[in-house]
Amino acid sequence: MQYTEKTPKAWSAVCIAIYLVGIGYMGIDTIPDEFGLWLGLSALFLLILLPCLMVPFSKVVYNRVRIDSQILRVGRERIALADIDPASVLAAAQAEAPAVAQQYATSLNTIDAPLPGLRATDQNNARLVGGGWGVPMGMDSVVIRTRQGEQLRIATRNRVAFLTALAQAAT
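Residues numbered from 1 in each chain as written. Predicted model: local features only at pLDDT ≥ 70, side-chain atom pairs only at ≥ 80, totals over all residues. Heavy atoms only, no water.

**Examining the overall build of the chain**
At step 1: Within the chain, the secondary structure is distributed over five helices and seven strands.
At step 2: In sequence order, the chain lays out its α and β elements as β-α-α-β-β-β-α-α-β-β-β-α.
At step 3: Here the chain has a C-alpha radius of gyration of 21 Å; the compact-globule value for 171 residues is 16 Å, and the former is much larger.
At step 4: C-alpha atoms of the chain, sized along the principal axes, occupy 70 × 35 × 30 Å.
At step 5: Of the contacts formed within the chain by residues at least 6 apart in sequence, a portion of 57% connects residues at least 24 apart.
At step 6: Of the accessible surface of the chain, which amounts to about 10,100 Å², a share of 63% is contributed by carbon and sulfur atoms.
At step 7: When the 15 basic and 13 acidic side-chain charges of the chain are each reduced to a single mean position, those positions are 8 Å apart. (Helix = DSSP H or I, 4+ residues; strand = E, 2+ residues; numbered from the N terminus. Rg over C-alpha atoms; globule rule 2.2 N^0.38 Å. Contact = heavy atoms within 4.5 Å. Areas by Shrake-Rupley, 256 points an atom, 1.4 Å probe, with all protein chains shown as cover. Lys, Arg positive; Asp, Glu negative; His and termini not counted. Charge placed at Lys NZ, Arg CZ, Asp CG, Glu CD.)

Written out as structure tokens, the structure is:
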């Protein structure tokens, strides 16, 4: 593996810590007398915790970026490095990085859902790589081209490191 983006775990750790502190606090007063009530409330609050943990899980499934000697892997997709246009990678690397507000605006406006009219190609935008329907809020995205001319949008956590590794691997 030449490059792998690390997945942040802070959100998951904070959510799990709040859950454990909350059920622990409830358990101090209720466990000896009303164990069933405490168990039921723990399960109920678990229903709130699980959607909070699905957000980082979906980022791992659809937006994990890995580059090895011959393949760029983004989420569920694999793209041969030989198919990537090195000139577009260098152009993206030399382009000015967007500000945080621009990253949020881009992630809000980037939709590639499998519905008629919501496909990126229907809107003349770059196809989102990885299998997700949009760029996660706050993540940066990079647009590169294949040698066949197809535009690809890749969500990344570290634009500079990703483009540097991709430029080295693609040339």
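**Focus: the sheet that holds strand β7 (residues 151-156)**
In a beta sheet, neighbouring strands are held together by backbone hydrogen bonds and run either parallel or antiparallel to one another.
At step 1: Reading across the sheet, the three strands line up as β5-β7-β6 and stay open at both edges, with mixed pairing between neighbours. Both edges of this open sheet fall to β5 (127-128) and β6 (140-145), since each of them pairs with a single strand only.
At step 2: Across six bridges, β6 lies against β7 in antiparallel orientation. Within the sheet, the bridge partner assigned to Asp140 lies in β7 and is Thr156.
At step 3: In this fold helix α5 (residues 159-170) packs onto β6 and β7, with an angle of close to 25° to the strand it touches most, β6. (Pairing = 2+ DSSP bridges. Axes fitted to C-alpha atoms, helices over the stretch in contact; angles between N-to-C directions.)

**Points about the nonpolar core**
At step 1: The biggest cluster of nonpolar side chains holds 21 residues, and the ones touching the most others in it are Ile67, Leu72, Ile84, Ile144, Ile154, Phe162 and Leu166.
At step 2: For this core, the secondary structure elements donating two or more residues are β2 (65-67), β3 (71-74), α3 (86-94), β6, β7 and α5.
At step 3: A total of six residues in this core trace back to one element, the largest contributor, which is α5.
At step 4: Counting six residues, the second-largest nonpolar core is a separate cluster that includes Cys15, Ile23, Met26 and Trp38. (Core = buried A, V, L, I, M, F, W, Y, C linked by side-chain atoms within 4.5 Å. Buried < 20%, exposed > 50% of the residue type's maximum accessible area, 1.4 Å probe, protein only.)

**A look at the packing of helix α1 (residues 10-30) against helix α2 (residues 35-63)**
How two helices pack is summed up by the angle between their axes together with the distance between the axes.
At step 1: Viewed as axis vectors pointing N to C, α1 and α2 meet at an angle of 170°, and their least axial separation amounts to 10 Å. Accordingly, the angle class assigned to the pair α1 and α2 is roughly antiparallel. Taking contact as the criterion, the partners of Trp11, Ser12, Cys15, Ile16, Tyr19, Ile23, Met26, Gly27 and Thr30 in α1 are, on α2, Phe35, Trp38, Leu41, Ser42, Phe45, Leu46, Leu49, Cys52, Leu53 and Pro56. (Parallel < 35°, antiparallel > 145°, perpendicular 65-115°, else oblique.)

**A word on the confidence of the model for the chain**
At step 1: Chain-level statistics for the chain give a pLDDT mean of 85 and a share of 96% at 70 or above.
At step 2: Highest mean pLDDT in the chain belongs to strand β4 (residues 77-80) (92); lowest belongs to helix α4 (residues 100-109) (79). (pLDDT = per-residue confidence, 0-100.)

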